[in-house]
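This is what each chain is made of:
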Amino acid sequence: MGALTDKYCIVGVGETPHMRPSNRTTLSMACEAVTKALADAGLKPGDVDGMTSYQAGDSTTSPHVATALGMRLNYAVDILGGGSSGEALVAHAIGLIEAGYCKTMVIFRSMNGRSGRRMGGQTPGGPVPVANAEGDAQFNMGWGWTTPAQRFGMSAMRYLHDTGCTTKAFAEIAVAHRYHATLNPKAIHRSPITIEDHQRSRWIVKPFRLLDCCQETDVSVAIIVTSRERAYDLRHPPVFIMGGYARTLTDSPQWNYSRESLHYVAGNYGWKRAFGMAGITHKDVDFVSCYDAFTFTTLIQLEANGFCGRGEAGEFVKGGRLQIDHELPSNLSGGHLSEGYTHGVQMVIENIRQLRHRADDACPGWAEGKHTYDRKAGCRQLRKADLCCGMGWGWENMASCLILRGMAA
Amino acid sequence: MPGPIDYSKLRILPDFDTAEWWAGTKARKYLVRQCKACGHKWFPPIFPACAKCASLDVAWFEASGKGKVYSYVVVVQPIVGAFIGAVPYVVAIIELDDCKEADGTVTRVAGVMLDEESEVAIGLPCEVVYEETNDPKIVMPRWKINGTAANAWRFTE
Ligand SMILES: [Zn+2]
C-alpha cells in the first residue's frame, strides 16, 4: 500500500443481532446489516456505488441486496471465501476505489451459520447421515476428519509437541475473550469463565475442548469503505486504513500437511509487509483482534504476526495478557468464542468502534464517546485505543491483516 | 480398538485423478503421486501437477506404507455419520519413511488409526492396514502402530 496508507477509511459498520435461529433469509439479514452500516456512516443507499460479499454457497448476493435497497451499483461481486475474506475485501475495495471503478463500497457477510449451513459440518439435526466423499473430501471424509476443529487440531497438537505449551494457554484465550463478552450486551455468552472451567469442559476433538470452540450463529455484518476526502464529511471521525495483507498464502496452500511445519501459518508470510506499509512496530499496537474460531487460532496468529517469537505464544498469553486493561487486549467484543461467529467481520466492526471511542457497552453515554472505564459497571471501551492490528484466518495456509488507526494516532 | 466405521453412510466417489489411487488400495498398494520430471512425491493425488517443477507428467510411487506419526487428533464428537459408532477414534498425519527428498521435503499422509488413543503418540512408527468396505470397489487404508520410539510424545490431558 505504502502511498495509499491513510488514504482510505472505514466509515460505517452494522450488524444484526446474533440469532440462534434467525428464522430469516440471508437477504433479510443482509439488508438490516447494510442499512445499519449506512445509518452509522450517515450515508443514503444512493451514496453507495459498490458492493461485495463473501460466502460459501450459503448466502444471498450483492445484486439482491442492491435491488432490495434500491441501489444502482457501478460494481458488484460476490466471492467464495472463508475467514480472512472480510479484511481481504477491504483491500479489494481500496483497489477498486483507487482505480475509479466506484467511490463508496459496502462489504457484507450474511449467514445462517447455526440454523442453516454450519461450518462445523453438522446438519441441524446432528451428524451428516450419509456423506458423499468426492473431490478433496475423498481424502478427509473417508477418515472422519472434516471439520475445522478436527483439521486445526492437528496443527495445535503438533504445536503442543514442538513447544511444550499446554492447553492452559488455550484457556487463557477463552477466558480473556469471554471476559470481554461479559462487557458486551450483544454477546451470546456473558457469564465469566475461569481457566478451570475451560479445563473441565468436554472434549470435542483432542486437543480442543468445548470452550476452545466458537459459537456458530445466524448473523449478518456490514462495513463501508470510502476515500479519506469523503470520510471527513461523514458522521463519525474517520478510521484510517494504514496497511495490511489480503489472503496471503503459505507455500503448498491447499493441502498443507507436507509443509515443513503445520503451525508455520500464513501470517508469517505477511506481517512484515503489513507493518512496513503502515510504518509501525508491534509496540505501537494498542489492541488486536484475532480470528478466534478456536482458542488456538488466536494463539498461533499472535505468533505468526510477530507479536512474540516462534514457539513462545503459550508463554506470551499467560497471566491475562490479552484482557482489557492488560498489555495486549484481544477481541474486545468477545470474538467468535463468546460474542458469536461472524466469519471474521465482527472483529473489524469492534475495532472500528474502539478506535472511534464508541464501544456500544453499558455506559449511558457510549454513543457520544462518554465512557466510565469501570469494568464492573460494564464499560468495555479501552482508554487508549488509537491503533489496532486485526488478523484474519482462513486455514493455517491463508490469512489477512488490517492495521487501522483512529484520529488520535 | 475404536468402534467400527459404518461404511454404508459413506460413499467414496473416485474421479479422473484419484481412480488409480483407489485401485491401488484395492490391490493393497499405498500409492503417492510422483513427478516423472523431477521425482517429487506428493499426497493426496487430487493435485494433477508437480508443485516443484509444474510438470503435468506424473506417475505413481508405491510406498512401503510405513511411516511415523507426525501429529494426531482424537475425535470425540462425531460429525460424519459413518463415524458415530467409532468415537473416540484417532486420526493421524503420518510421515512416510520412504518419501524423504534431498531438500528435506517429506510426504505426509493422513488416516484413521486402528489403535486406541492410549496407544498412539507422535514419533511412533506405524504401518498401513487395509479394511474392506461394503463397496467392493473401495478398500480403505487405515494405520496401526507397529513399534516403539524413544522420543514418543503423547497428549495426556
Ligand atoms: Zn517435478
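The rules behind these values
Residues numbered from 1 in each chain as written. Chains lettered and ligands numbered in written order. Predicted model: local features only at pLDDT ≥ 70, side-chain atom pairs only at ≥ 80, totals over all residues. Heavy atoms only, no water. Helix = DSSP H or I, 4+ residues; strand = E, 2+ residues; numbered from the N terminus. Buried < 20%, exposed > 50% of the residue type's maximum accessible area, 1.4 Å probe, protein only. Areas by Shrake-Rupley, 256 points an atom, 1.4 Å probe, with all protein chains shown as cover. Lys, Arg positive; Asp, Glu negative; His and termini not counted. Charge placed at Lys NZ, Arg CZ, Asp CG, Glu CD. Pairing = 2+ DSSP bridges. Contact = heavy atoms within 4.5 Å. Buried area = accessible area lost by both parts, 1.4 Å probe. Salt bridge = Lys/Arg side-chain N within 4 Å of Asp/Glu carboxyl O. Polar contact = N/O pair within 3.5 Å; in protein donor to acceptor, adjacent residues only side chain to side chain. pLDDT = per-residue confidence, 0-100. 1 Å grid on protein atoms, 1.4 Å probe; cavity = no way out; pocket = protein on both sides within 12 Å on 5 of 7 lines; lining within 4 Å. Points joined across faces, edges and corners; volume = space filled by probe spheres on them. Nonpolar A, V, L, I, M, F, W, Y, C, P; charged D, E, K, R; others polar. Expected span 1.5 Å × (residues − 1).

Q: I would appreciate a short explanation of the overall build of chain A in the present structure.
A: A tally of regular secondary structure across chain A gives 12 helices and 12 strands. If one aligns the C-alpha atoms of chain A with their principal axes, the spans along those axes are about 55 × 45 × 40 Å. A buried classification covers 65% of the 409 residues belonging to chain A. Summed over its atoms, the accessible surface of chain A is roughly 13800 Å², and 52% of this surface lies on carbon and sulfur atoms. With 42 positive and 39 negative side-chain charges, chain A shows a spacing of 2 Å between the two charge centroids.

Q: Got a minute to help me understand the pairing of strand β8 (residues 125-132) of chain B in this structure?
A: In regular strands, side chains alternate between the two faces of the sheet. Residues and elements named next belong to chain B. For strand β5 (residues 66-75) and β8, the ladder comprises 3 bridges, and the chain directions are antiparallel. Its bridge partner lying in β8, Lys66 is registered against Glu127. The sheet contact formed by β8 and strand β9 (residues 139-145) spans 7 bridges and is antiparallel. By the bridge assignment, Glu127 is partnered in β9 with Lys144. Connecting β8 to the antiparallel partner β9 that follows it, the hairpin turn spans 6 residues.

Q: Can you help me understand the interface of chain A and chain B in this one?
A: For an interface, size is often stated in terms of accessible area lost upon the parts coming together. Counting residues at the interface gives 47 residues for chain A, matched by 48 residues for chain B. Taken over both partners, the interface formed by chain A and chain B buries close to 4100 Å², and the fraction arising from carbon and sulfur atoms is 62%. In this structure, the salt-bridge partner of Glu157(B) is Arg209(A), at a minimum N-O distance of 3.2 Å. The interface formed by chain A and chain B contains 21 residue pairs in polar contact (both at pLDDT 80 or more).

Q: Which parts of the structure should I look at to understand the pairing of strand β7 (residues 106-112) of chain B?
A: All names here are of chain B. Burial of β7 is extensive: 7 of the 7 residues sit out of reach of the surface. The alternating pattern of β7 places Val106, Arg108, Ala110 and Val112 on one face and Thr107, Val109 and Gly111 on the opposite face, and all of these are buried. Linking strand β6 (residues 89-100) to β7, which pair antiparallel, is a turn of 5 residues; within it Gly104 sits at a positive phi near 100°.

Q: Whenever I open this one, the confidence of the model for chain B confuses me. Can you help?
A: As a general rule, the predicted coordinates of low-pLDDT regions are not to be interpreted in detail. With 100% of its residues at a pLDDT of 70 or more, chain B shows a mean pLDDT of 95. The ipTM for the predicted assembly is 0.97, set against a pTM of 0.96.

Q: Is there a simple way to think about empty space enclosed by the protein in this case?
A: Any empty space left between atoms is shown by rolling a water-sized probe over those atoms. Residue and element names in this part refer to chain A. Within the structure shown, the criterion is met by 3 cavities of 30 Å³ or more. As a volume, the largest cavity reaches approximately 50 Å³. Every element with two or more residues in the lining of the largest cavity is listed here: α5 (167-182) and α11 (335-338). For the lining of the largest cavity, the per-class residue count stands at 6 nonpolar, 2 polar and 1 charged. Computed from the structure, the second largest cavity encloses a volume of approximately 40 Å³. If you go around the second largest cavity, the residues you meet are Glu87, Ser289, Met347, Val348, Asn351, Gly390, Leu402 and Leu404. Looking at the lining of the second largest cavity, the elements with two or more residues in it are α12 (345-356) and β12 (398-405). For the lining of the second largest cavity, the element with the most residues is α12, which contributes 3 residues. A class-by-class count of the residues in the lining of the second largest cavity yields 4 nonpolar, 3 polar and 1 charged.

Q: Which parts of the structure should I look at to understand the environment of Asp218(A)?
A: Residues and elements named next belong to chain A. Take Asp218: it is sitting in strand β8 (residues 218-227). Residue Asp218 is classed as buried on the basis of its relative accessible area, which comes to 0%. It is 8.0 Å that separates the C-alpha atoms of Asp218 and Ser110, two residues lying 108 residues apart in sequence. Discounting chain neighbours no more than four positions away, the residues touching Asp218 are Pro17, His18, Met19, Pro21, Ser22, Met29, Met111, Asn112, Gly113, Arg114 and Ser115. Among the polar contacts made by the side chain of Asp218, one reaches the main-chain amide nitrogen of Gly113 at a distance of 3.2 Å. A distance of 2.7 Å separates polar atoms of two side chains, one belonging to Asp218 and the other to Ser115.

Q: Is there a simple way to think about α12(A) in this case?
A: All names here are of chain A. A rise of 1.5 Å per residue sets the reference length of α12, with its 12 residues, at 16 Å; its end C-alpha atoms lie 17 Å apart and thus fit the reference within 8%. α12 sits mainly inside the fold: 12 of its 12 residues count as buried. Positive backbone phi, at 70°, marks His357, one or two positions downstream of α12.

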